[in-house]
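Next come the chains, spelled out residue by residue.
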2 protein chains.
Amino acid sequence: MQQTRLDTARIRAARRVIDPVFLDTPLYRCEALEPGLGCAVSIKLETANPVRSFKGRGTEVVASLLAERGPRAVVCASAGNLGQALAWSGRGRGLDVTVVASRFATATKLDRIRALGAGLELVDGDHELARERAAAIARYEGIRLVEDSLDLETCEGAATIGLELLGLTEHAERTERTERQAELAELADTAPPFNTAPPFNVTPPFDAILIALGGGALATGVGHVLKALAPGVEVICVQPSGAPAMTRSWHRRRVVTTDSTDTIADGVAGRRPIPAVLDDLLLVADDAVLVQEASIITGMRMLLEHAGLVVEPSAALGIAAILEDRDRFAGRHVVTIVCGSNVDGDAYRRWVDGAPVPHGT
Amino acid sequence: MQQTRLDTARIRAARRVIDPVFLDTPLYRCEALEPGLGCAVSIKLETANPVRSFKGRGTEVVASLLAERGPRAVVCASAGNLGQALAWSGRGRGLDVTVVASRFATATKLDRIRALGAGLELVDGDHELARERAAAIARYEGIRLVEDSLDLETCEGAATIGLELLGLTEHAERTERTERQAELAELADTAPPFNTAPPFNVTPPFDAILIALGGGALATGVGHVLKALAPGVEVICVQPSGAPAMTRSWHRRRVVTTDSTDTIADGVAGRRPIPAVLDDLLLVADDAVLVQEASIITGMRMLLEHAGLVVEPSAALGIAAILEDRDRFAGRHVVTIVCGSNVDGDAYRRWVDGAPVPHGT
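Residues numbered from 1 in each chain as written. Chains lettered and ligands numbered in written order. Predicted model: local features only at pLDDT ≥ 70, side-chain atom pairs only at ≥ 80, totals over all residues. Heavy atoms only, no water.

Draft legend 1. Just the pattern of salt bridges, in detail. Enumeration over the complete set of coordinates arrives at 58 salt bridges over all chains. Here Asp266 of chain A ties to Lys109 of chain A by a salt bridge, and the two come within 2.6 Å at their closest N and O atoms. Here Asp266 of chain A, found in the loop between helix H11 (245-252) and helix H12 (275-284), pairs with Lys109 of chain A, found in helix H5 (residues 107-115); they are 157 residues apart in sequence, far enough to count as distant. As far as burial versus exposure is concerned, Asp266 of chain A and Lys109 of chain A are alike and both buried. In this structure, the salt-bridge partner of Glu305 of chain B is Arg349 of chain A, at a minimum N-O distance of 3.4 Å. Highlighted residues: Glu305 of chain B in helix H13 (residues 293-307) and Arg349 of chain A in helix H16 (residues 345-352), drawn from two different chains. When its relative accessible area of 29% is taken as the criterion, Glu305 of chain B is described as partly exposed. When its relative accessible area of 27% is taken as the criterion, Arg349 of chain A is described as partly exposed. Among the charged side chains, a network of salt bridges with common partners joins Arg15, Asp24, Lys44, Glu46, Arg57 and Glu164 of chain A. (Salt bridge = Lys/Arg side-chain N within 4 Å of Asp/Glu carboxyl O. Helix = DSSP H or I, 4+ residues; strand = E, 2+ residues; numbered from the N terminus. Buried < 20%, exposed > 50% of the residue type's maximum accessible area, 1.4 Å probe, protein only.)

This is the structure we're talking about:
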C-alpha cells in the first residue's frame, strides 16, 4: 500500500489516550438479519457510549493533546455527532468548546451539545456554511479549529475501530500471545511488543467491510488499518445518492463538489470533499457506492426489527448497500459499522413505521 | 458476608470459558436519562451480542462443561432468553439442545430458538409448567436438565457481570496494575495474581445497583460479587407487581408461591421460587421492590427516547424502580443492567407508542 497520511503505530498510540468507554465496542454476528440479506453480517456497534456515536474516539485524541499542550479553547463545525463528542471530551478536560452547526441539524444532537456545556452557534445554511463559520471563528479568536477528517487525530481515533476489528488490541494480543506462546516462539525469539505491527498479515473472519462515507475520517481511518494489516478485506465506502460528492470524487480521482444535498443521512451530508482526505481514500478504498434513501430507511427498519438496534440513517448505509447489490455479497461475511444512533424520535418513528421490512429471501 | 452457594474464584474462572462476544459489555453513564430520573444513571448493556440477552454468559459455562465431560444432550425450560442462549452455546459445541417453553412465550424468542437449531417443545401453560415438563424429559431421556438459577453455572455466568462492574477483569486489572505498580508494591511484595480476590474492597463510582429479579441467577450472581468485593453498594432487586413471588419470599424470608402471573415482563414471570436461590438472595440483596406495569412501559419508552435502546420489559425494571421512588435515588449514582432486548415488534410498538414520556422534572 502507498503511504496515506496515517501511521499504524500512531493509531495504536491513540488507543492509550482514548477513554476506555469508547473502546473495545461490541462486534458480533447478527444472524437474524442474514435471511433478509443473503450473507453473513457482523455488526461493530459504536452507539453504546455516552455520545452514541464513534466520534468520541477522535475527540478524545484531539482533547487529550490540547489539554496537554495546546490552547484551552477549540471550535468545530459539526452535523451534530462530532460536536457532541468534542463537547464531552472537552468538558472532562476543562476545555472551552464551541460548536457551529446548521440550524437544520437534528434537534436532539443540538440539545445534547448544549447539555454537555458547549457553546453552540447555529448558521442559516448547511454543513458547509458551518465549516466556513467555524474556520472564521478560529481565525478571529485565535483558537484551535478541529476539522473533521482533515485533522489526523479524528482519523486516528476512528482508525482504532480497525485495530479492534482485527483483534489487534493490547487485550486481545495478550490473550492470543499467551495461547500461542509456543507457536510465536518458533517465529521469533521474543513475542512482538504490543505497540508494533505483527510480523504477518491478519486473516479476519470477514471478507468485506461497509463503511459510511461522509468527510472520510471513518473510511480512511479504518480503511488504512485494514489495508495495512489485512489487505484481503474489501473496503467499501457507502454514501447516499443525495450526498454523493466524495463518492464521485473517488471515482473521478479528483475533488468533485455538489451544489446541494438531499438525504436524511445528516451525518454524511457534505458537499466539498477535502483533497488530502480524498488522496487517502483513493489509497485505502476498494470501492465507493451510492444508495437510495428508500434503502437507508429499509436498513434502519431491518436493524430495529431484527437486531433491536435504533440507528441514525448514516449507520444504516452498510445494510442499504447490501440490499441494493445482493449478488455482490451473496454468501460472503460482511462487517458493517453501526456508527451512530442520535435520531429525533418523531423523524425516526416516521422512517421506521412505514411499509413492512422484507423477511427471508 | 455469610456464604452463598457461589464462590468468587469460580466466577473468575467462569470468565475464561465464556465466548468473549458475551464479555466486557458496555458500561456507561447515560446523562440524557438523568433529568427525567433525578439521579446519575449508568447502563450495563447486555443486549449487543448474538442472543440479545445476558443469558449467554451462563449457557457458555454450562455448555463448555458439558462439551468437556458431560452428556451431549441437554434440556431446559425457558421463557425464551435462556433457551436461545443455550441453543447458541450448544450449537457451537455440538450439543443436542431441547428447549421447553410456554406456547404463550414471546414469538420472536421462540423463532430464534428454532433458527439456532434447537428442538422446541411448547406446553399449554405457563413457565412453571414448562419447568415441570423439562424435568420430566430429562428424567425420561436421561439427559442433562439445566435449571436456571438453581444450576450454579447459570449464576456464575451472570456473576461475571459483577466483576466487570467493579473493573475486576484480567484486562482491567492488568492496566490498573501497570499504572499502580508502585502503589501495589508497597502493599505487597508481589502484585496479586489475576485469579484471586484483591486484598482490599473495591470502591466503585456507583452506590446502588438495580437488578431484574426473576428466578434469581442474575441477582444472586451479581449480588454475590458486589457484596463480597464492594459491600458498600446497595443491591436492589426489582420485580413486577404482577409476578411478585420471589420478592414476597425475600421479604418473608421463606418461599412464597403465587397462583398466576400478570405482567408484560415475560423474562421474570415465575411463580415458584427455588429455596436454595432464595437463601442466597437473602444474603446478597439489600432490598427487593415491586413495580407497576405502567412504570415498566415508561421505563422502556425512556430508554428508547433518551438512550436509543430497544429493551424488553424485564430490562426496564430498574428504570421503573427509580420512577416509583425518586426520593430514594435522588442525587445518587445508580447502575441498571439492561439484561435483554428480545421483543415482538408489534407488542413493542404498542408499548412505546403510548402517552408521552416525561422530560425533565
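Back to the write-up after that little detour.
Draft legend 2. Layout of the environment of Lys227 of chain B. All names here are of chain B. When you line up the elements, Lys227 lands in helix H10 (residues 217-229). Residue Lys227 is classed as buried on the basis of its relative accessible area, which comes to 14%. As a C-alpha pair, Lys227 and Val284 span 57 residues in sequence and 6.1 Å in three-dimensional space. If we skip the residues at most four places from it in the chain, Lys227 touches Met1, Val233, Val235, Val284 and Asp286. Polar contacts involving the side chain of Lys227 include one to the main-chain carbonyl oxygen of Pro231, which spans 3.0 Å. At 2.8 Å, the side chain of Lys227 and the side chain of Asp286 are in polar contact. (Contact = heavy atoms within 4.5 Å. Polar contact = N/O pair within 3.5 Å; in protein donor to acceptor, adjacent residues only side chain to side chain.)

Draft legend 3. Summary view of the interface of chain B and chain A. Taken together, the contact pairs 29 residues of chain B with 29 residues of chain A. The interface formed by chain B and chain A holds four salt bridges in total. Taken together, chain B and chain A are joined by six residue pairs in polar contact (both at pLDDT 80 or more). Among the elements of the structure, strand S1 (27-29), helix H4 (81-91), helix H8 (170-179), H13 and helix H16 (345-352) of chain B are those that each provide at least two residues to the side of chain B that touches chain A. It is H13 of chain B that provides the largest number of residues to the side of chain B that touches chain A, a total of four residues. Partitioning the side of chain B that touches chain A into residue classes produces 13 nonpolar, five polar and eleven charged. (Nonpolar A, V, L, I, M, F, W, Y, C, P; charged D, E, K, R; others polar.)

Draft legend 4. The arrangement of the relation of the copies chain B and chain A in detail. In screw terms, the move from chain B to chain A is a rotation of 180° and a rise of 0.0 Å along the axis, fitting with an RMSD of 0.0 Å. Both copies are brought into coincidence by an operation consistent with a two-fold rotation axis. Here 100% of the interface residues in chain B have copies in chain A that are interface residues too; the copies meet face to matching face. (Least-squares fit on C-alpha atoms with pLDDT ≥ 70 in both.)

Draft legend 5. Broad picture of the confidence of the model for chain A. Residue and element names in this part refer to chain A. Confidence along chain A averages 92 in pLDDT terms, with 90% of residues attaining 70 or more. Segment residues 182-197 is flagged for pLDDT under 50; beyond a separation of four residues in sequence, or across chains, it makes 15 contacts in the model. On the interface metric, ipTM, the complex scores 0.92, and its pTM is 0.92. (pLDDT = per-residue confidence, 0-100.)

Draft legend 6. Seen up close, the state of the cysteines. Evaluation of the coordinates by the stated rule reveals zero disulfides over all chains. Of all cysteine sulfurs in the structure, the one in Cys39 of chain A sits closest to Cys30 of chain A, which takes part in no disulfide; the separation is 11 Å. What makes Cys30 of chain A buried here is its relative accessible area of 7%. In this structure Cys76 of chain B is not part of a disulfide, and its nearest cysteine sulfur, from Cys155 of chain B, lies 14 Å away. (Disulfide = S-S within 2.5 Å.)

Draft legend 7. Summary view of the side chain of Asp280 of chain B. Residue placement: Asp280 of chain B occurs in helix H12 (residues 275-284). What Asp280 of chain B contacts, discounting residues up to four positions off in sequence, is Thr4, Arg5 and Thr220 of chain B.

Draft legend 8. View of the packing of helix H3 (residues 55-69) of chain B against H4 of chain B. Residues and elements named next belong to chain B. Relative orientation of the contacting elements H3 and H4 amounts to 45°, with a least axis distance of 8 Å. The angle between H3 and H4 places the two elements in the oblique class. Crossing geometry of H3 relative to H4 is assigned as right-handed. Across from Lys55, Gly56, Thr59, Glu60, Val62 and Ala63 in H3, the residues of H4 making contact are Asn81, Leu82, Ala85, Leu86, Trp88, Ser89 and Gly90. (Axes fitted to C-alpha atoms, helices over the stretch in contact; angles between N-to-C directions. Parallel < 35°, antiparallel > 145°, perpendicular 65-115°, else oblique. Left-handed = near helix turned anticlockwise from the far one by under 90°.)

Draft legend 9. Up close: the pairing of strand S7 (residues 208-212) of chain B. Residues and elements named next belong to chain B. Counting buried positions along S7 yields five of five residues, so the element is predominantly enclosed. The alternating pattern of S7 places Ala208, Leu210 and Ala212 and Ile209 and Ile211 on opposite faces, both of which are buried. Pairing of S7 with strand S8 (residues 234-240), which is carried by five bridges, proceeds in the parallel orientation. Within the sheet, the bridge partner assigned to Ala208 lies in S8 and is Glu234. With respect to chirality, the unit in which S7 leads through H10 into the neighbouring parallel S8 is right-handed. Where S7 meets strand S10 (residues 333-338), three bridges bridge the pair, whose relative direction is parallel. (Pairing = 2+ DSSP bridges. Right-handed = clockwise from strand over helix to strand, strands pointing away.)

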